[in-house]
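Chain by chain, the residues:
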Amino acid sequence: MAKLTAEDDFNIEVLKLMLQLAWSDGQLDLREVGTILGSARSWGVPEPEIAALKKSLEGNATPPAPDLALLRDRPDEVLEAARALIACDGRLQAAETEMLEELRIILSPER
């Protein structure tokens, strides 16, 4: 198996965050699943990593916590992915809005 690159590591952490956001309202919409898997494939994430994410998408595993320290290096990209996920199902839940605001604060350079 090929060694993961720094870009792979970053993308995997963004996907973990997207998983957390998708589950934050207690339900997983098929559009959210499509957005997460589509992002993983478009970013070239290796299949073994995608398989691990699929377990969380299927509810067979607890969504993994993202490495926020790694995500702080590129907050604009992280927030863009988070906003895309939140918007994909056409419903904005209060929990999603709160989580997005918390994420913005966590990723801010002042921390």
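Presented here is a report on the structure given in the accompanying data block. Everything quoted here is computed from the prediction, not taken from an experiment.

1. As for the packing of aromatic side chains
Next, step 1: Applying the stated criterion to the full structure yields zero aromatic pairs.
Next, step 2: Cation over ring: R74 sits above F10, and NZ or CZ is 3.8 Å from the ring centre.

2. Considering the pattern of salt bridges
Next, step 1: One pass over the full model with this rule turns up six salt bridges.
Next, step 2: Here E47 and R41 are joined by a salt bridge, their closest N and O atoms 3.8 Å apart.
Next, step 3: In this structure E47 comes out as partly exposed when scored by relative accessible area, which is 45%.
Next, step 4: A relative accessible area of 42% means that R41 is categorised as partly exposed.
Next, step 5: R104 is paired through a salt bridge with E101; the nearest N and O atoms lie 2.5 Å apart. In this pair, R104 and E101 both sit in helix α6 (residues 94–107), three residues apart, roughly one turn of the helix.
Next, step 6: When salt bridges with common partners are traced through the structure, they connect E7, R74 and E77 into a single cluster.

Definitions and limits used
Residues numbered from 1 in each chain as written. Predicted model: local features only at pLDDT ≥ 70, side-chain atom pairs only at ≥ 80, totals over all residues. Heavy atoms only, no water. Phe/Tyr/Trp six-rings, centres within 6.5 Å; stacked < 30°, edge-to-face > 60°. Lys NZ or Arg CZ within 6 Å of the ring centre and 35° of its normal. Salt bridge = Lys/Arg side-chain N within 4 Å of Asp/Glu carboxyl O. Buried < 20%, exposed > 50% of the residue type's maximum accessible area, 1.4 Å probe, protein only. Helix = DSSP H or I, 4+ residues; strand = E, 2+ residues; numbered from the N terminus.

Read these as spatial facts, not as claims about activity.
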